Amino acid sequence: MHAPGIWGIIIVAVVVILLFGRGKISSMMGEVASGIKAFQKGLKDEDKPQRLDASAPVEAREAEKSKDA
């Protein structure tokens, strides 16, 4: 099977633009980008060690201690 030519790619692009419209495609790409950023932020937050602050409420510190035990 051979790769699509330039005319095939152009026809597919035109059909996609007609079906979805430029605004819909750009908003979908913006949502994808924000999802990727949120995922990367989650990975960075996961790498940071969680430490208990002395000013944290007593219930939160006790819950953290019972979770570690």
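Below or above, wherever it landed, is the structure these notes cover. Within every chain, residues take consecutive numbers counted from 1 along the sequence as written. Where local features are concerned, this predicted model is filtered to residues with pLDDT of at least 70; where side-chain atom pairs are given and counted, the filter is 80 or more; whole-chain, interface and lining totals use all residues. Where side-chain values are given, they derive from all heavy atoms of the structure, hydrogens and water being excluded.

1. Focus: the overall build of the protein
- Helix and strand content of the protein: two helices and zero strands.
- Accessible area is worked out with a 1.4 Å probe on protein chains only. A residue is then buried under 20% of its type maximum, exposed over 50%, and partly exposed in between. When the 69 residues of the protein are sorted by exposure, 0% land in the buried category.
- Taken as a whole, the protein presents about 6,600 Å² of accessible surface, with 65% of it coming from carbon and sulfur. Note on conventions: DSSP H or I runs of at least 4 residues are helices, E runs of at least 2 residues are strands, and numbering of each starts at the N terminus. Throughout, the Shrake-Rupley method with a 1.4 Å probe supplies accessible areas, and for residues the shown protein chains are the sole cover considered.

2. Let's talk about the environment of S34
- Note that S34 resides in helix α1 (residues 6–47).
- Polar contact criterion, stated in full: a pair of N or O atoms within 3.5 Å, where within protein one must be able to donate a hydrogen and the other to accept it, and residues adjacent in sequence count only if both atoms are side-chain atoms. A polar side-chain atom of S34 sits 2.9 Å from the main-chain carbonyl oxygen of E31.

3. Digging into the environment of I25
- Structurally, the position occupied by I25 is in helix α1.
- Contacts are residue-level and defined by heavy atoms, with any inter-residue pair within 4.5 Å sufficient. Not counting chain neighbours up to four residues away, the residues in contact with I25 comprise V16, I17 and F20.

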